[in-house]
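Below are the chains, spelled out letter by letter.
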Amino acid sequence: MDTRATDDPRSAIDRSSRVHRLPDGRNIGYAEYGSTDGLPVIALHGTPGSRYMFALTDEGARARGLRIIAPERPGYGLSDLHHFNTLAETAGDVNALADALELDRFVLLGVSGGGPHAVAAAALLKSRVMRMVLIAPVGPVAASEHIRMSHLHHFIFSRMAPSHHAAGAFFLGLRTMIDWAPGAAYHLLMQRVTASDHEALLRPEVRDNLQATLREGLRSSIEGPLQDLRLYCGPWNLPLGEIDVPSVMWQGSADTIVPPDAAYHLAGALHDCRLEVVEGAGHYWVFSEFGRVLDTVRATWP
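What comes next concerns the included structure. Everything quoted here is computed from the prediction, not taken from an experiment.

Observations regarding unusual backbone geometry
- Cis geometry marks the peptide bond from Thr47 to Pro48; its omega dihedral reads -15 degrees.
- With a phi angle near 55 degrees, Ser112 is a residue other than glycine that sits in the positive phi range.
- Looking at where Ser112 falls in the secondary structure, it is placed in the loop between β5 (106-111) and α3 (115-125).
- Residue classification places Ser112 among the buried residues on the basis of a relative accessible area of 9%.
- Its identity as a non-glycine residue notwithstanding, Asn237 has a phi of 55 degrees, on the positive side.
- The residue Asn237 is located in the loop between α9 (223-232) and β7 (247-252) in this model.

Concerning the packing of helix α6 (residues 182-192) against helix α8 (residues 204-217)
- It is at 11 Å that the axes of α6 and α8 come closest, and there the two elements cross at 110 degrees. The orientation of α6 with respect to α8, classified from their angle, is roughly perpendicular. Contacts between α6 and α8 involve Pro182, Gly183, Tyr186 and Leu189 on the former and, on the latter, Val206, Arg207, Leu210, Gln211 and Arg215.
- When grouped by side-chain class, the residues that make up the contact of α6 with α8 number 5 nonpolar, 2 polar and 2 charged.

What about the pattern of salt bridges?
- Scanning the model with the defined rule gives 18 salt bridges in all.
- For the salt bridge of Glu205 with Arg203, the shortest nitrogen-to-oxygen distance reads 2.8 Å.
- Residue classification places Glu205 among the partly exposed positions, given a relative accessible area of 36%.
- The closest approach of N and O atoms between Glu276 and Arg292, which form a salt bridge, is 3.4 Å. Here the residue Glu276 occupies a position in strand β8 (residues 273-278), and Arg292 occupies one in helix α11 (residues 290-298), the gap between them amounting to 16 residues.
- Its relative accessible area of 34% is what places Arg292 among the partly exposed residues.

Observations regarding helix α4 (residues 151-160)
- Among all positions of α4, only His153, Ile156, Phe157 and Met160 are buried. Each buried residue of α4 lies within a common arc of 120 degrees when the element is viewed along its axis, so the set occupies one face. Of the exposed residues in α4, the ones pointing more than 90 degrees away from its buried face are His151 and Arg159.
- At the N-terminal end of α4, a side-chain oxygen is found 3.0 Å from the backbone nitrogen of His153, two or three residues along, and the residue is Ser150.

Thresholds applied
Residues numbered from 1 in each chain as written. Predicted model: local features only at pLDDT ≥ 70, side-chain atom pairs only at ≥ 80, totals over all residues. Heavy atoms only, no water. Helix = DSSP H or I, 4+ residues; strand = E, 2+ residues; numbered from the N terminus. Buried < 20%, exposed > 50% of the residue type's maximum accessible area, 1.4 Å probe, protein only. Axes fitted to C-alpha atoms, helices over the stretch in contact; angles between N-to-C directions. Parallel < 35°, antiparallel > 145°, perpendicular 65-115°, else oblique. Contact = heavy atoms within 4.5 Å. Nonpolar A, V, L, I, M, F, W, Y, C, P; charged D, E, K, R; others polar. Salt bridge = Lys/Arg side-chain N within 4 Å of Asp/Glu carboxyl O. Arc of directions from axis to C-beta. Polar contact = N/O pair within 3.5 Å; in protein donor to acceptor, adjacent residues only side chain to side chain.

Here it is, written out as structure tokens:
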């Protein structure tokens, strides 16, 4: 196994920009936040996103003795491009990184577009996952006949996502705006979210974090989000009812970014999932309440 020096959690090198060489020769980028020797949490970013997304957990994780490990999926940030045929295949990278970091057991945390990948990892890793925590996850939107979606959600997840050309044009446009007019891009985001999200998004540290997260995630390629959409907007083909990892899901009832009903459907399909509906909340409520999530993660351990 070829592991760079940056994989050593005791290294003085910047913990937010580490690279691990996978057995197949690919590089996977990841960051670490919180306590260097804390209880391990593998945190999966949204779509689009990057390892920087969880920087806002650093202080809270350190206070709770948690070690947040945030890998980037192929095509994002420091991670090399790689084609996956199925959502289940993405779990192999999580498994390889956990092995490299010698993590016996850990908590899985998936936010938004990271949710389906967390579910895939839980299906593969089973007993190694102490708990799965899902925050505003993308649910199995391909089962649209059973899921209520707004016209906008239906267009994004059922019409735009399967079109490489349409989705590619969207993410290219987003990357251009983030590079050349980040303020305008953020203004457009503010127009799309619910009023309940505004308080969180108006905080300077949240704005700076989201802009840095998106810029890094799309810096080298748009193939990361394109692959995400292709994988989780199609059939998941995961044994959801057989995943017996204790899980908790938070979902805002007024989410305008992902369909709440798809998340509810996912919670019901999982064998052991406690659903907490955040009434009136949108997609970004967690940026004001990361402490609440970290408390639940910390309670996993004695």
